[in-house]
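Structural features, examined
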Amino acid sequence: MKNVEPSSKTYIPVIVLEETDKSTKGIKLSPILFPNSNKTETVIIPYAKVKVWAEEISAKLHDVEKKVVRPEILQKGFANVKMGTRDGAAIVQEMAASLEDLLKRRAEAAGNIMRKAEKLFAEKTHPDTNYIFDKSLNINEIKKKPDKPEYWEKPLNCSSMRKVPLKKMTHFGGDIGVSLDISSVQVAQEVYECDERVLPDIFWSEGLLETFRQNYEQDAMTDFQYFCSVKGFLRHYPAAEWSSFFKIHLSDYQEDVADVYDCRLRPWYVAAGGAPRDILVLFDATGSMVNSTNKVNAEQFTQTLLNALTDDDQVNVLRFNEKVKVESPIACFNDKLVSSHHVNSAAMLAVLKDYLVTNYTHLENVIREGVRILQREQYRTEKPPSCQQAIVLIADSIPLNYTDVMRKADPTGRIRLFVIWLHDPFGLRDDSKEYGQWLSCTSDGHFAELVTSSDVTEQVMHILHVLERPLVAQRNKRLRIFSDIYAQVEDPRRSEFYWRRKEDDEQRYRYSQLRKNKDKFLSELEKYKHYMRQENLNDSGQYYELENIHYRLQITVSVPIFDETTSENVTIRLSEEKARWSTRTYPVNRLLGVAGVDIPIDHLRLILPYYRLGAGGSLFIIDHRGNIVLHDNVKPVFEGDILRPGYRTVDMIDLEQPGENLPPRDYTKTWLDFRKALLIDQAKGSRTMYAKNIFELGMRSIQEEREYHWKRVLDHYTAVVAIPKYNRRYPVHEGTFSRDLAAKAFESIMKRDFAVHPEWLYCKHVDQHFDEAEFEVRHFVMRRKEEANFPMKKLKHTMSHLPPTLLEKTYQCNEELMVRLCKEAIATEQWADETQDECVGCELGAVTAFFATESGFTRWNQYRVTSSHADAPSGREWPRGPEEPWYKRAAAAPPDTLIVHAPVMPLQRFRRAEDTLPPRSIRDTWLTAARPLSRHSDKGVIGVAGYHFYPKHLEDVVKAVSDYNCNDCQYQCDGVNWTCVLIDENGWIVAGHWIEEDEITEEDPVREHLSRLHPHAMRALLDKKIFELNWIHDYQGVCFPSLKKGSTASMVMPTIIMSLLKSVSLLFHIAREFITVITILSSNALVAADTEFEKQKRRNRTKRDYEREKFERLHDNRILVNRTFFLACDRSRPLYVLTRDQRKLDLLKGPADACKWPLVGAPVPKTNLILLAIMNNTLCTHSKTGTLPNDPFVNQPY
């Protein structure tokens, strides 16, 4: 082999991205070398030089801290404060006691409504013939008087025409106008409000107003109270405009949108009737259902039934015919029942619409199989035992009498059977009705004819009434139901409809852009942009996750109301040869309705001891199924205003995730045992688990040992407190909220600005009076200073037609939190007063120095400099104290470490291209340097101190240190051969990549990651195990599958195909015009003058041709929206974690090599930062696997 002389040219690489197998989850790196005209070799920067640069950066960061934070003054202010040890068991005990007290008070209020309702019904008062009631719909408007009906007609409505004045109260939701003087009624759409069977119940239920008002007078924190009647109406207090309950007003998109709300189908109502139940729906899939309205009615009935069931119920929908036997369209649902929560129900309904109907069936085999499945469910130990079991048979024909088949299959008679006959009034006549009645009556079920879709709700209610009978029959024990979490009056069907309207808006937007500039909109760049927008939503999970609309999530305490009548006489006509009437006595077990009281989650947060958790601590509430009721990481909304599918059924271990790097849904035995102990085995206890503390919208996490303490509450909810192993010592401020303390604190907080946590209870009016929490705190400190007998709680409301004065308003205070706030304000007074406006010699520009405590109290000082990129902002931008990300990270770091926090946000996009993201705030962009402030005597943490600064100043510092201007500088990060970046312990670039704000678009990330800007450097760090991957799983994810596969192809059709199509179309047009010209020239006939008819005909043809040409010019299939729907799915995001092993960190010192190690790094002393000098012109992939590192902005589906 001949020796090849080395070329005098150097080469630079171009990285070519090649797709690889999906299992690698990456992209293959293939370098192609091109000659570089620059013949000088790249100078290798040694580790010693990078270390010097890192020390200079550290010195500048600490110098600013020393000048503006002044920790010695803060430590002096807290010198006499007693320190205590955090006790998780005591915190959870307090939390459980507060929760139990609230639930019992609301249950007592619901019981008062129940007792009053039964008393009113027993009195059996009847309304006058001209009785009218206050209807919730349009209650605050003057209604038009309806035409007087003829004497043989019934009135269209029986509601009042008057206008009821309403007042908006923050306690009831803020945007809902209410009247405390009356109650109002909402009637379900299927119910005729003037029906003689309904109107008497509406009349006597007006007597509940007295009880409603008494409940509210006793406790002004009581939320909406209501009585839902079995007749189909809801009486609620206070009275309110019904449309204001809905966060999304669908009438803005379509005027005739039906109100699907029916209180009888809400989970809190159905659960009060005796859940849990096992329900097996057998769905007819035989050939007779082809092209039939019966199929549509059956699907609508199944959807309504599934929506009516609670999460405690077990359900399945199985189709049957000769070919498929009895099976579920979802393979993993076969031969068993599953929880009837919305995710499972939506999955069953989605595949139900696409099933094929064919063949016939043997119904006796179907009944036997259904009974077998339910009998096997009776012996399953992994679920609670069911109270009742039932089969719902939906069929359009019942050819034989199967009563004997049912008796033999279920000899104990435990299983009820409901027959829903899909009756076509114009179809064939057979004995299906008679056979169906025999079959359902033999099995203690119900037979119903389903003729039209308007019958669906009432037939579902008949099934629920039958299932309620065992509960009503015993009458001795009443269920007290605590519901799962839900969004007030919202329905999943409304969200699905709203999503379709959003896609309609997107289609209109595309057409409008097409009309403005067709050539630009159909350019390759624009088509690719729209295609990638759709791909990023689904494949990358970059959909908008914040809340533009605050849904009122709540739980409900409900109690059933019984009809005390046990029997009644019924007169029937006997079917005998000599027909005669006979009166017989039958047992009666009827439910009158359900009484309920709401508990909004926002109210629940006010009573929980968040202030005692410290940095990194958390608390949450789960129900008896393990589903989350309250948690900081719950994400109920996507797209800003649409409820996520499955937001009510997020399991505990979906949010509290193991600290180890595990695949999605791979729960270890340790965590499954922990969950079982919480829910079943132990009413209270504690356990230490290695877990992820996830924050900043899932972009960051701290892997740590966490102590979990829990306590069961009323055998339904479990209160859980999680606290980390570190930061156990905290300041204990003893004493009471006295007048002297309030006087000293008032003097302090009036001098300087401060901030408090906006969602915690310090002192708060029930109906908000002040716009800012700080003004409210000042008001109550002043009141305590001036009032000798100041009660810490005033919740008894006095009914009056005059609005209360400020001092008469109801309120409640947390005395312990107010004491802590006042003493911390006094302790920090000297620090806040002894300050200068200008920071002399500060190289990080204008800064805001701050001190924040566990009580949510924050103080700050703003420093200006002579030359700064931005003015120092107010510390009120960061008011959440221990819940701020920089507070959590600082408390978890070693005490001598200055944490530099760079805020991170996921990439987010709206479905509609015309929607714009909210502008980025100061807290989204400014950097924070912080450290925990401790007392030297006992190492107790009294708070976190630091400063906020504009990121461009740190960019200037890094550039000044590593790329200073000099002629004979040997080592420089000039951005050509070498680039210097500062990264934190998660790989986020803190400095080294600056883009001017006016050049940043909403599509750009707030902060970049090393794996995206310098993938070869991150790949090398991963290969050396200096960084490791630890995936964060998002079990609240949303996916957007296409309604029609392949519909997106039109947006990315190859240019050559489009050119060929246009060429062929043009040739046809030219040929047609040429033939027309030849025909005219070859004609020698004389043309007579046109008649008026011919002229009009020609004008119409010209107009029609113009309209067709206009449509063809303004329409193009390539701009059609790829229609999608949304469903719940699992997603995962990579988290990069710096290895804390010193031996691994020492590898950063290794000399740089173009192929083996394309960087030199050094930790920035006494900070969490690493300075990396990265080679730009490298010749190798720096990867053993040949794949790019995972993108942390991609929340990919699994």
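Our subject is the structure that appears above.
First, a word on scope: everything that follows refers to the structure included in this document. (Residues numbered from 1 in each chain as written. Predicted model: local features only at pLDDT ≥ 70, side-chain atom pairs only at ≥ 80, totals over all residues. Heavy atoms only, no water.)

For the rest of this paragraph, the subject is the sheet that holds strand S32 (residues 793-794). In space, the three strands of this open sheet follow the order S31-S33-S32, with antiparallel pairing throughout. This sheet does not close on itself; its edge strands, each paired only once, are strand S31 (763-765) and S32. Taken together, the three bridges between S31 and strand S33 (residues 811-813) define a ladder with antiparallel strand orientation. Paired with histidine 765 across the two strands is tyrosine 811, which belongs to S33. Sitting on the sheet, helix H20 (residues 773-786) touches S31 and S33, and the angle it makes with S31 is about 105 degrees. (Pairing = 2+ DSSP bridges. Helix = DSSP H or I, 4+ residues; strand = E, 2+ residues; numbered from the N terminus. Contact = heavy atoms within 4.5 Å. Axes fitted to C-alpha atoms, helices over the stretch in contact; angles between N-to-C directions.)

This next bit is on the nonpolar core. With 135 residues, the main nonpolar core has Trp268, Ile621, Tyr717, Phe737 and Val781 as its most contacted residues. The dominant element in this core, judged by the number of residues it contributes, is helix H3 (residues 88-123), at 15 residues. Those residues within four positions of phenylalanine 737 in sequence are excluded, and the remaining contacts are Ala742, Phe780, Val781, Arg784, Phe790, Met792, Glu815, Met818, Val819 and Cys822. The next biggest cluster of nonpolar side chains, apart from the first, holds 52 residues, and it includes Met83, Val990, Ala991 and Ala1162. (Core = buried A, V, L, I, M, F, W, Y, C linked by side-chain atoms within 4.5 Å. Buried < 20%, exposed > 50% of the residue type's maximum accessible area, 1.4 Å probe, protein only.)

Quick look at the packing of aromatic side chains now. Applying the stated criterion across every chain yields a total of 40 aromatic pairs. Centre to centre, the rings of tryptophan 242 and phenylalanine 246 are 6.0 Å apart; their planes meet at 80 degrees, and the pair counts as edge-to-face. Each member of the pair, tryptophan 242 as well as phenylalanine 246, is classed as buried. Lying over the aromatic face of phenylalanine 121, lysine 124 brings its terminal NZ or CZ to 4.4 Å of the ring centre. Taking NZ or CZ as reference, arginine 501 lies 4.4 Å from the ring centre of phenylalanine 497, over its face. (Phe/Tyr/Trp six-rings, centres within 6.5 Å; stacked < 30°, edge-to-face > 60°. Lys NZ or Arg CZ within 6 Å of the ring centre and 35° of its normal.)

Take the packing of helix H7 (residues 293-308) against helix H8 (residues 342-352) next. With their axes 10 Å apart at the nearest point, H7 and H8 run at an angle of 175 degrees to one another. One element, H7, and the other, H8, form an angle in the roughly antiparallel class. Of H8, the residues touching H7 (which contributes Glu299, Thr302, Gln303 and Leu306) are Ser345, Leu349 and Leu352. (Parallel < 35°, antiparallel > 145°, perpendicular 65-115°, else oblique.)

Strands sit in the order S42-S43-S47 across an open sheet of three strands; the sheet is antiparallel. If you trace the sheet from one side to the other, it starts and ends with strand S42 (1032-1039) and strand S47 (1196-1197), each paired once. Relative to S47, strand S43 (residues 1127-1133) runs antiparallel, the two sharing two bridges. Bridge assignment links arginine 1131 to a residue of S47, and that residue is proline 1197.

With that settled, the discussion passes to unusual backbone geometry. Cis geometry marks the peptide bond from tyrosine 237 to proline 238; its omega dihedral reads 0 degrees. Checked against the element boundaries, proline 238 lands in the loop between strand S8 (233-237) and strand S9 (239-240). Positioned with a positive phi, asparagine 138 is a non-glycine residue whose angle comes to about 60 degrees. A relative accessible area of 30% places asparagine 138 in the partly exposed class. A positive phi angle is found at leucine 714, which is not glycine, with a value near 55 degrees. Looking at the secondary structure, you find leucine 714 in the loop between strand S28 (700-713) and strand S29 (717-724).

Compared with the 18 Å implied by 1.5 Å per residue over 13 residues, the 18 Å span of helix H21 (residues 815-827) between its first and last C-alpha is a close match. Considered for burial, the residues of H21 that qualify are Leu817, Met818, Val819, Arg820, Leu821, Cys822, Glu824, Ala825 and Ala827. The backbone nitrogen of glutamate 816 has a side-chain oxygen 3.3 Å away, supplied by the residue at the start of H21, namely asparagine 814. (Expected span 1.5 Å × (residues − 1). Polar contact = N/O pair within 3.5 Å; in protein donor to acceptor, adjacent residues only side chain to side chain.)

Relative to the helices and strands, histidine 631 resides in the loop between strand S24 (628-630) and strand S25 (637-638). A distance of 2.7 Å separates a polar atom in the side chain of histidine 631 from a polar atom in the side chain of glutamate 656. Every residue in contact with histidine 631, bar those within four places of it in the chain, is listed here: Arg605, Phe620, Leu655 and Glu656.

A full pass over the atoms with the stated rule returns six disulfides. Sulfur-sulfur distance for the disulfide between cysteine 228 and cysteine 263 comes to 2.0 Å. Around the S-S axis, the bridge from cysteine 228 to cysteine 263 shows a dihedral of about 80 degrees and counts as right-handed. Remark: cysteine 263 occurs in the loop between S9 and helix H6 (267-272) and cysteine 228 occurs in strand S7 (residues 225-229); sequence separation between them is 35 residues. Comparing cysteine 228 with cysteine 263, the two get one shared label, buried. (Disulfide = S-S within 2.5 Å.)

A contiguous nonpolar surface patch, about 250 Å² in accessible area, is contributed by Leu1043, Phe1125 and Leu1127. Its location among the elements puts leucine 1127 in strand S43. (Patch = residues over 30% accessible without salt bridge, like charges linked within 9 Å, V, L, I, M, F, W, Y side chains within 5 Å. Areas by Shrake-Rupley, 256 points an atom, 1.4 Å probe, with all protein chains shown as cover. Salt bridge = Lys/Arg side-chain N within 4 Å of Asp/Glu carboxyl O.)

If you walk through the whole model with that rule in mind, you get 74 salt bridges. In this structure, aspartate 219 and arginine 105 form a salt bridge, with 2.4 Å as the shortest nitrogen-oxygen distance. Of this pair, aspartate 219 sits in the loop between helix H5 (209-218) and S7 while arginine 105 sits in helix H3; the two residues are 114 residues apart in sequence, bridging distant segments of the chain. For arginine 105, a relative accessible area of 34% puts it in the partly exposed group. Taken together, the salt bridges that share partners define one network made up of Asp311, Asp312, Asp484, Asp623, Arg625 and Arg648.

A few words on the pairing of S7. In terms of residue burial, S7 counts as a mostly covered element, since five of its five residues are buried. Every second residue of S7 is oriented toward a common face, with Gln225, Phe227 and Ser229 on one face and Tyr226 and Cys228 on the other, all of them buried. Between S7 and S8, which pair antiparallel one after the other, the connecting turn spans three residues, and glycine 232 there sits at a positive phi close to 105 degrees. Where S7 lies against strand S22 (residues 591-600), five bridges are found, and the strand directions are antiparallel. Counted as the bridge partner of cysteine 228 is valine 594 from S22.

Below, the discussion takes up the side chain of arginine 70. Looking at where arginine 70 falls in the secondary structure, it is placed in the loop between helix H1 (47-68) and helix H2 (71-77). Those residues in contact with arginine 70, other than ones at most four positions away along the chain, are Glu65, Trp831, Glu834, Thr835, Asn861 and Tyr863.

Time to look at the packing of helix H19 (residues 739-751) against H20. Running from N to C, H19 and H20 cross one another at 140 degrees; their axes reach a closest spacing of 8 Å. Comparing their axes, H20 and H19 come out oblique. Classified by chirality, the crossing of H20 by H19 is left-handed. Note on element contacts: H20 touches H19 through Arg778, Val781, Met782, Arg784, Lys785 and Glu786, opposite Arg739, Ala742, Ala743, Ala745, Phe746, Ile749 and Met750. When the residues that make up the contact of H19 with H20 are grouped by side-chain class, the tally is eight nonpolar, no polar and five charged. (Left-handed = near helix turned anticlockwise from the far one by under 90°. Nonpolar A, V, L, I, M, F, W, Y, C, P; charged D, E, K, R; others polar.)

Our next topic: the pairing of strand S23 (residues 618-622). In terms of residue burial, S23 counts as a mostly covered element, since five of its five residues are buried. Going residue by residue along S23, you find Ser618, Phe620 and Ile622 tucked away on one face and Leu619 and Ile621 tucked away on the opposite face as well. The pairing of S23 with S29 spans five bridges and is antiparallel. Opposite phenylalanine 620, over in S29, you have valine 720 as the bridge partner. Strand direction decides the pairing type here: S23 and S24, joined by two bridges, are antiparallel. The residue bridging isoleucine 622 from the neighbouring strand is isoleucine 628, located in S24. Where S23 hands over to S24, the hairpin turn is made up of five residues, of which glycine 626 adopts a positive phi near 95 degrees.

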